Amino acid sequence: VSETFDTAAPSPSTWLDKQFIKIEEPASIRYEPTGNSTAGWQLSLEDSAWKLAGLGKNETLDASKAALAASALTSLSFTDLGPAEFPPSGKLIVTAANGIRYTFEIGPRESGDVPLRLSAELPENPGEGVSLESIQQFLDRTFLVPGFSLDNLAIERSRLLMPPPPTPTPSPTPVPAKKSKAR
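The text that follows walks through the structure, step by step, so that each part is easy to find.

Criteria and cut-off values
- Residues numbered from 1 in each chain as written.
- Predicted model: local features only at pLDDT ≥ 70, side-chain atom pairs only at ≥ 80, totals over all residues.
- Heavy atoms only, no water.
- Helix = DSSP H or I, 4+ residues; strand = E, 2+ residues; numbered from the N terminus.
- Buried < 20%, exposed > 50% of the residue type's maximum accessible area, 1.4 Å probe, protein only.
- Contact = heavy atoms within 4.5 Å.
- Areas by Shrake-Rupley, 256 points an atom, 1.4 Å probe, with all protein chains shown as cover.
- Phe/Tyr/Trp six-rings, centres within 6.5 Å; stacked < 30°, edge-to-face > 60°.
- Pairing = 2+ DSSP bridges.
- Core = buried A, V, L, I, M, F, W, Y, C linked by side-chain atoms within 4.5 Å.
- Salt bridge = Lys/Arg side-chain N within 4 Å of Asp/Glu carboxyl O.

## Considering the overall build of the protein chain
No. 1: A count of helical and extended segments in the protein chain gives two helices and eight strands.
No. 2: N-terminal to C-terminal, the α/β element order of the protein chain is β-β-β-α-β-β-β-β-α-β.
No. 3: Within the span of the protein chain, comprising 183 residues, buried residues form 33% of the whole.
No. 4: By sequence separation, contacts in the protein chain at least 24 residues apart represent 62% of the contacts at least 6 residues apart.
No. 5: Summing over all exposed atoms, the protein chain offers an accessible surface of approximately 12,100 Å²; the carbon and sulfur share of this is 53%.

What follows is the structure, given as structure tokens:
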């Protein structure tokens, strides 16, 4: 016998090709957490720079965190197939430069993994180099993705902002020393 199959395992998770959707050119990214509308956010790529919708007067987008969110979309992978049903904890909506709109329904993190279900709006002609079949194979199925892969995406809006500058503390006014009388 030339092959003993020592590495064969009965678990389908070991047989799966773990490559997942890779969104190379996102044009907008929106996160909608379930039950907390103030924590949601939307980033849009304008003139090669990410812009955060609804920035307040004293708020500044941390460009490095926006870039991390966008780059996280290029390296998604999964560990296994997930449950058909799960309680939603949020939704991530990504529109790519080629017009494909991806919607990721996100479940709660359990044992380090997060259930994720993908749906997409696919244009008839998404452009050169895009295989609709490669996208369709992931639609309407639940996958377990490593929780760390969403650490820069499924976050509250406040984590995309630069920390506020420290407020200056007033320095105490020096009190003149009392002159002592010579004896």
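## Quick word on unusual backbone geometry
No. 1: Residue Asp47 is not a glycine yet carries a positive backbone phi of 50°.
No. 2: Looking at where Asp47 falls in the secondary structure, it is placed in the loop between β2 (41-46) and β3 (49-52).
No. 3: Positive phi, close to 55°, is recorded for Ser111, a residue that is not glycine.

## Some remarks on the side chain of Ser28
No. 1: The residue Ser28 is located in strand β1 (residues 26-33) in this model.
No. 2: Taking the relative accessible area as the measure of exposure, Ser28 reaches 16% and is therefore buried.
No. 3: If near-sequence neighbours (up to four positions away) are discounted, Ser28 is found in contact with Gln42, Leu43, Ser44, Trp50, Ile93, Val94 and Thr95.

## Some thoughts on the packing of aromatic side chains
No. 1: Tallied over the entire structure, the rule returns four aromatic pairs.
No. 2: Put simply, the rings of Phe78, Phe138 and Phe143 touch in pairs and so form one group of aromatic residues.

## Quick look at the pairing of strand β6 (residues 101-106)
No. 1: Pairing between strand β5 (residues 90-96) and β6: six bridges, direction antiparallel. Along β6, the bridge assignment pairs Thr95 with Arg101.
No. 2: Count of turn residues in the β5/β6 antiparallel hairpin: four residues, of which Gly99 carries a positive phi of about 95°.
No. 3: Alignment of β6 against strand β7 (residues 113-121), held across six bridges, turns out to be antiparallel. Opposite Arg101, over in β7, you have Glu121 as the bridge partner.

## Observations regarding the nonpolar core
No. 1: Core analysis: the biggest nonpolar cluster contains 37 residues, and Ile29, Leu92, Tyr102 and Phe104 have the highest contact counts within it.
No. 2: Those elements giving two or more residues to this core turn out to be β1, β2, β3, α1 (63-72), β5, β6, β7 and β8 (142-146).
No. 3: The element contributing the most residues to this core is α1, with four residues.
No. 4: Once you skip the residues sitting within four places of it in the chain, Tyr102 turns out to touch Ile21, Ile23, Leu92, Ile93, Val94, Ala96, Leu118, Ser119, Ala120 and Ile135.

## Structural notes on the sheet that holds β7
By definition, the strands of a sheet pair up through backbone hydrogen bonds, in either a parallel or an antiparallel sense.
No. 1: Judged by pairing direction, the sheet is antiparallel, and its eight strands sit side by side in the order β3-β2-β1-β5-β6-β7-β8-β4 without closing on themselves. Both edges of this open sheet fall to β3 and β4 (80-81), since each of them pairs with a single strand only.
No. 2: Sheet topology note: the β4/β8 ladder contains two bridges and is antiparallel. Looking across to β8, one finds that Asp80 is bridged to Leu144.

## A few points about the pattern of salt bridges
No. 1: Inspection of the entire model under this criterion finds six salt bridges.
No. 2: A salt bridge links Glu59 to Arg157, with the shortest nitrogen-to-oxygen separation between them at 3.0 Å. In this pair, Glu59 is assigned in the loop between β3 and α1 and Arg157 in the segment after β8, connecting sequence segments 98 residues apart.
No. 3: By relative accessible area, Glu59 is classed as partly exposed at 29%.
No. 4: When its relative accessible area of 13% is taken as the criterion, Arg157 is described as buried.
No. 5: In this structure, Lys65 and Asp62 form a salt bridge, with 4.0 Å as the shortest nitrogen-oxygen distance.

## Topic: the pairing of β8
No. 1: Among the five residues of β8, five are classified as buried, and the element is accordingly described as predominantly covered.
No. 2: Both faces of β8 are covered, namely the face carrying Thr142, Leu144 and Pro146 and the face carrying Phe143 and Val145.
No. 3: In terms of strand pairing, β7 meets β8 through five bridges, oriented antiparallel. Within β8, the residue paired with Asp113 across the bridge is Pro146.

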